[in-house]
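# Residue-level structure breakdown
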Amino acid sequence: MSAAPSYAQDGTMAHLPPLIDCHVHFREPGLEHKGDIASESTAAYYGGISAACDMPNTAPPTQSIAALADKVARATATAHADCRLFFFFGATAEEHLKELEELWTNPTHADLKQHCCGLKLYLDNSTGNMKSSVAVTEKAFELCGRLQIVLVAHCEQSQINDAAAAQHPYDGPASHSLRRPAESEAASVQEAIAFARQHRTPLHLAHVSTAQSLDAVRETRLADPTLPLTCEVTPHHLFLTTEDYSCCGARVKVNPPVRLPQHHEALWAGLLDGTVDCVGTDHAPHTLDEKNTAGQPPSGMPAIEVVVPLLLTVVAGRWPHPTAPRPTALVEAAQRGRTLRMEDIVRVLHTNPNRIFHLGEPSAPHRSFDLSCAWTVVGTELHSKCRWTPYEGWQLLGRAVSH
């Protein structure tokens, strides 16, 4: 890829290079009642996102060359013209890894391979129940190390989660954070890093949500600076905490869960100091009926249309959460003369995703953002098929200009 392009600003207009959301769930095929490639790529366009990397937990899951080809064909036919899609492969069995190796090494699949941005492993169950066994996990790390395929890991440890779930029976959305505790992610991150160091695997940690995970990234980079270890955070872990269960309930139920405020503080510090490489939304629409179920609602929330405005609002010196205070990490950084800058948005939504996932420069023009546009988030006015948002009523500053 070429050197990172700079952004341009002309009065109240900012012109940014093609922005990339490296973690989305567009739900097609099989789950189109929640969202589909057409609706979610349209939401991406209106949010100022020019490329997105879609996860494999669809129905059927993307665990074969044929399933990947089907997704590419669907995207070619229905995706918004100004949003390019890439797709992660998935694996829960050795035959899936053989398919991935065939994709990567057989020249007849060279064109299709360009649409695949890596392998996604679930180290505990989440939506789609694609948990990888220990045996498949180690073989996946070996394969990805040998072929230098980026391995994206959803890090939670099932033993810790199972013990916590037994101790805390589900009695509402707020109990979800107790049932999947911070220690689960931290332990799983350490295990994934150990596998990556053993096999020299390019490892990307998805949706990091804890202070311990970021500390592990920092420590590993110091101890083993040649290991290609990267990580992302989500907007919901940056802007929401366990305190938001009281107003938003199941709308903020997600895996890994929203955390106590001290973790949210650590994520902001990591974003500002460069430990965090990417902001990926983990955009995961469900219907409101599903979220409002009397039983255990599914985990996940939409975000692709608001992630850039959320960050632009912070760049403008405002804190968008209507009731929670500005994170101390942001306040203290500002006192030292360090604020979130437009360059940071380019770094975490363009430069680093391009580099990490070998996407090249997505064939899309710069997008313009009106930095003077003050607007209120209303779920029914957004373009995701689910038509709701955990950020309902938030006041944001800055919005993509459509054309």
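Looking at an unreviewed UniProt entry, the protein carries the name Putative Dihydroorotase, with the source organism given as Leptomonas pyrrhocoris. Quoted verbatim from the Cofactor (unreviewed entry) field of the UniProt record, the comment on the protein reads "Zn(2+)".

Here the focus is the nonpolar core. Residues L119, L203, F239 and W268 are the most contacted members of the largest nonpolar core, which totals 97 residues. Ranked by residue count, the leading element in this core is helix α14 (residues 307–315), at six residues. Among all residues touching L119, those that are not within four sequence positions of it are F88, F89, G90, A91, L97, L100, A140, C144, I149, V150, L151 and V152. Core analysis: the next-biggest nonpolar cluster, separate from the first, contains 16 residues, C53, V150, C278 and I356 among them.

Checked against the element boundaries, E156 lands in the loop between β7 (151–154) and α6 (158–167). By relative accessible area, E156 is classed as buried at 0%. Side-chain polar atoms of E156 contact the side chain of H154, separated by 2.7 Å.

Strand order in the open sheet formed by four strands is β1-β2-β11-β12, with antiparallel pairing between adjacent strands. Taken across any chain shown, the strands that pair with only one partner, and hence form the sheet edges, are β1 (8–10) and β12 (395–400). With strand direction ignored, the average angle separating the axes of adjacent strands in the sheet is 30 degrees. Here strand β2 (residues 13–16) pairs with strand β11 (residues 367–376) via four bridges, running antiparallel. For A14, the partnering residue across the bridge sits in β11 and is F369. Contacts from α14 reach β11 and β12 within the one sheet, and its direction differs from that of β12 by about 115 degrees.

Moving on, we come to the packing of aromatic side chains. Tallied over the entire structure, the rule returns eight aromatic pairs. Centre to centre, the rings of F239 and W268 are 5.4 Å apart; their planes meet at 90 degrees, and the pair counts as edge-to-face. Separated by 29 residues along the polypeptide, F239 in helix α10 (residues 235–239) and W268 in helix α12 (residues 261–273) bring together distant segments of the chain. With respect to class, F239 is no different from W268; both count as buried. By the ring-pair criterion, three or more aromatic residues cluster together here, those being F239, W268, W319, Y391 and W394. Its guanidinium or amino end placed over the ring of W375, R399 lies 3.6 Å from that ring's centre, counting from NZ or CZ.

Evaluation of the coordinates by the stated rule reveals 18 salt bridges. The shortest N-O distance in the salt bridge between R180 and E156 comes to 2.9 Å. Of this pair, R180 sits in the loop between α7 (176–179) and α8 (182–199) while E156 sits in the loop between β7 and α6, placing them 24 residues apart in sequence. A salt bridge links R355 to D277; the shortest N-O distance between them is 3.9 Å.

Let us look at the pairing of β7. Because side chains alternate across β7, one face comprises the buried residues L151 and A153, and the other comprises V152 and H154, equally buried. As paired elements, strand β6 (residues 116–122) and β7 share four bridges and run parallel to each other. Each bridged residue has a counterpart across the sheet, and for L119 the counterpart in β7 is L151. Across three bridges, β7 lies against strand β8 (residues 203–205) in parallel orientation. Bridge pairing links V152 to H204 in β8.

A few words now on helix α16 (residues 342–357). Along its 16 residues, α16 runs 22 Å from first to last C-alpha, staying within 8% of the 22 Å computed at 1.5 Å per residue. The largest bend in α16 comes to about 35 degrees, at V348. Where burial is concerned, most of α16 is hidden: 14 out of the 16 residues are buried. Looking one or two residues beyond α16, the residue adopting positive phi is H358, at roughly 55 degrees.

The rules we used
Residues numbered from 1 in each chain as written. Predicted model: local features only at pLDDT ≥ 70, side-chain atom pairs only at ≥ 80, totals over all residues. Heavy atoms only, no water. UniProt positions renumbered as here; feature names shortened; annotations may be inferred. Core = buried A, V, L, I, M, F, W, Y, C linked by side-chain atoms within 4.5 Å. Buried < 20%, exposed > 50% of the residue type's maximum accessible area, 1.4 Å probe, protein only. Helix = DSSP H or I, 4+ residues; strand = E, 2+ residues; numbered from the N terminus. Contact = heavy atoms within 4.5 Å. Polar contact = N/O pair within 3.5 Å; in protein donor to acceptor, adjacent residues only side chain to side chain. Pairing = 2+ DSSP bridges. Axes fitted to C-alpha atoms, helices over the stretch in contact; angles between N-to-C directions. Phe/Tyr/Trp six-rings, centres within 6.5 Å; stacked < 30°, edge-to-face > 60°. Lys NZ or Arg CZ within 6 Å of the ring centre and 35° of its normal. Salt bridge = Lys/Arg side-chain N within 4 Å of Asp/Glu carboxyl O. Expected span 1.5 Å × (residues − 1). Bend = angle between axes of the 7 residues up to and from the residue.

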